[in-house]
Amino acid sequence: MLGLAAVTHALPLLLPPDPDPELPAASAETFPRLWATIPAIILTALALGLALDGSNQDVFLRINAASTDWLPPALWSAISLSGSVLGMIALLAPTLKTQPRWLAAAFLAAPLGVLFSQGGKRYFDVMRPAGVLEAGSFQQIGQKLYVHAFPSGHTTTAFLVAAVLILAWPRDDRRSRAALVFLSIATLIGLSRIAVGAHWPLDVLTGAVGGWISGSLGVWLSGRLRFWQRPGGIRTLATIALATSLAMIFVDLGYPQAKLYQIGLAAWGIGGAAAALMRERMS
């Protein structure tokens with residue numbers, strides 16, 4: 001339950017219980033350009049450096065081997081599952097009551113994120129570690145995948161959501177603290193894709209770049225398409241979150257060791273979406 005616990009504990013620590021009118025607050029019109037640009041440049045530089053260095057496979061083997069001592073397979077499974085599209089929607093569902101812009105921006109960012117991730121997978125058609133390395137030479141957790149490695153879809157989703165949360169954070173003065181929390185979580189999800197043996201480090205870094213850029217676009221669009229400020233828009237978002245969270249109970253996400261976590265995450269999303277729908281109905 002690490003991914004869910006981190007988000008649950010982070011939000012109350014980062015947001016003040018009562019707004020202070022003397023502190024600067026972010027608005028839908030403002031877009032933090034530096035925050036959108038600098039992480040994208042850093043991630044791109046890291047990805048290019050790894051690609052040019054030619055050490056992609058060696059770095060994978062070192063991280064994958066070390067990860068066996070960091071966390072047990074069940075926790076890596078739960079963290080990796082959190083980076084799925086269904087997992088991220090469920091995690092964000094409870095924020096609809098107070099910060100509907102986050103889920104709205106994530107949905108607006110999704111088309112570019114899907115095009116980047118799925119388009120890249122089909123175009124480059126890179127073999128995954130299981131399709132290149134000898135069986136038993138590295139740790140594999142969950143469903144074994146062999147093709148469509150580049151880029152990592154889970155990492156794309158994780159950094160898309162991280163960008164949304166950070167760039168649309170409601171208080172400018174607390175954005176740095178939010179960035180520390182959510183970039184750490186997104187990085188952990190990216191590392192989990194190496195730990196479970198599903199992706200190369202270059203897949204992860206490239207997915208992080210695409211996710212961050214997609215999330216930045218989603219936040220920018222959400223400042224102009226403000227359907228999330230209207231009751232009908234919130235109801236639509238909550239209905240989608242409710243449907244996807246319900247589906248999560250029955251969908252096989254490839255990590256049987258995290259099945260209880262998957263059900264708990266689905267319940268988290270169902271409860272959050274239902275609460276948002278009830279609030280709109282009563283208002």
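Residues numbered from 1 in each chain as written. Predicted model: local features only at pLDDT ≥ 70, side-chain atom pairs only at ≥ 80, totals over all residues. Heavy atoms only, no water.

Draft legend 1. Region of interest: the overall build of the protein chain. In terms of helices and strands, the protein chain carries 12 helices and zero strands. Ordering the α and β elements of the protein chain from the N terminus gives α-α-α-α-α-α-α-α-α-α-α-α. Relative to its full complement of 283 residues, the protein chain shows a buried share of 50%. Here the contacts in the protein chain between residues at least 6 apart in sequence split such that 84% fall between residues at least 24 apart. Entry remark: accessible area of the protein chain is about 13000 Å², with carbon and sulfur atoms responsible for 67%. (Helix = DSSP H or I, 4+ residues; strand = E, 2+ residues; numbered from the N terminus. Buried < 20%, exposed > 50% of the residue type's maximum accessible area, 1.4 Å probe, protein only. Contact = heavy atoms within 4.5 Å. Areas by Shrake-Rupley, 256 points an atom, 1.4 Å probe, with all protein chains shown as cover.)

Draft legend 2. Just the packing of helix α6 (residues 100-124) against helix α11 (residues 231-250), in detail. Between α6 and α11, whose axes approach to 10 Å, the crossing angle comes to 70°. By the angle between their directions, the pair α6 and α11 is classed as roughly perpendicular. When the axes of α6 and α11 are compared, the crossing they make is left-handed. Across from Pro100, Leu103, Ala104 and Phe107 in α6, the residues of α11 making contact are Ile234, Leu237, Ile240 and Ala241. (Axes fitted to C-alpha atoms, helices over the stretch in contact; angles between N-to-C directions. Parallel < 35°, antiparallel > 145°, perpendicular 65-115°, else oblique. Left-handed = near helix turned anticlockwise from the far one by under 90°.)

Draft legend 3. View of the confidence of the model for the protein chain. Averaged over all residues, the pLDDT of the protein chain is 91; the fraction at 70 or higher stands at 89%. Taken as a whole, residues 1-24 scores under 50 in pLDDT and shows 40 contacts with residues more than four places along the chain or in a different chain. (pLDDT = per-residue confidence, 0-100.)

Draft legend 4. Geometry of the environment of Thr44. Mapped onto the fold, Thr44 is located in helix α2 (residues 33-53). Remark: the alpha-carbon pair of Thr44 and Val209, spanning 165 residues in sequence, is separated by 6.1 Å. One polar contact links the side chain of Thr44 to the main-chain carbonyl oxygen of Ala40, over a distance of 2.7 Å. (Polar contact = N/O pair within 3.5 Å; in protein donor to acceptor, adjacent residues only side chain to side chain.)

Draft legend 5. Fine view of the nonpolar core. If you look at the biggest cluster of nonpolar residues, it comprises 60 residues, and the most contacted ones within it are Phe182 and Trp212. In terms of nonpolar packing, the next biggest core, distinct from the first, is built from 15 residues, Leu50, Ala149, Trp200 and Leu202 among them. (Core = buried A, V, L, I, M, F, W, Y, C linked by side-chain atoms within 4.5 Å.)

Draft legend 6. Layout of the packing of α6 against helix α10 (residues 201-222). Look at α6 against α10: their axes get within 7 Å of each other, and the N-to-C directions meet at 135°. Taken together, the axis directions place α6 and α10 in an arrangement best described as oblique. Once α6 is placed against α10, the crossing between them reads as right-handed. When α6 is examined against α10, the residues Arg101, Ala105, Leu108, Ala109, Leu112, Gly113 and Phe116 are found in contact with a partner set consisting of Thr206, Gly207, Gly210, Ser214, Gly215, Leu217, Gly218, Val219, Leu221 and Ser222. Of the residues in the contact of α6 with α10, the class split is eight nonpolar, eight polar and one charged. (Nonpolar A, V, L, I, M, F, W, Y, C, P; charged D, E, K, R; others polar.)

Draft legend 7. Structural detail: the packing of aromatic side chains. Taken as a whole and assessed by the stated rule, the structure comprises six aromatic pairs. Here Phe60 and Phe138 contribute two aromatic rings whose centre-to-centre distance is 5.6 Å and whose plane-to-plane angle is 70°, an arrangement assigned as edge-to-face. Residue Phe60 is found in helix α3 (residues 56-70), and its partner Phe138 is found in the loop between α7 (129-132) and α8 (153-167); the two are separated by 78 residues along the sequence. Summarising the burial analysis for this pair, Phe60 and Phe138 share the class buried. Centre to centre, the rings of Phe60 and Trp200 are 5.2 Å apart; their planes meet at 65°, and the pair counts as edge-to-face. With Phe60 in helix α3 and Trp200 in the loop between α9 (175-195) and α10, this pair connects stretches of sequence that are 140 residues apart. Note on Phe60: relative accessible area 0%, which makes it buried. The exposure class of Trp200 is buried, given its relative accessible area of 6%. Among the aromatic residues, those joined into a ring-pair cluster are Phe60, Phe138 and Trp200. (Phe/Tyr/Trp six-rings, centres within 6.5 Å; stacked < 30°, edge-to-face > 60°.)

Draft legend 8. Broad picture of a nonpolar patch on the surface. Among the surface-exposed residues, Leu112, Leu115, Ile213, Leu217 and Trp220 lie close enough to one another that they form a single nonpolar patch of about 440 Å² accessible area. The set of elements that each furnish at least two residues to the nonpolar patch consists of α6 and α10. Ranked by residue count, the leading element in the nonpolar patch is α10, at three residues. On the secondary structure map, Ile213 appears in helix α10. (Patch = residues over 30% accessible without salt bridge, like charges linked within 9 Å, V, L, I, M, F, W, Y side chains within 5 Å. Salt bridge = Lys/Arg side-chain N within 4 Å of Asp/Glu carboxyl O.)

Draft legend 9. Structural view of the pattern of salt bridges. Enumeration according to the criterion identifies two salt bridges in this entry. Arg171 is the salt-bridge partner of Asp173, the closest N and O atoms lying 3.5 Å from each other. The salt bridge involving Arg175 is made with Asp172; its shortest N-O contact spans 2.9 Å. Accessibility expressed as a relative area gives 5% for Arg175, which makes it buried. Overall, the relative accessible area of 34% leaves Asp172 in the partly exposed class.

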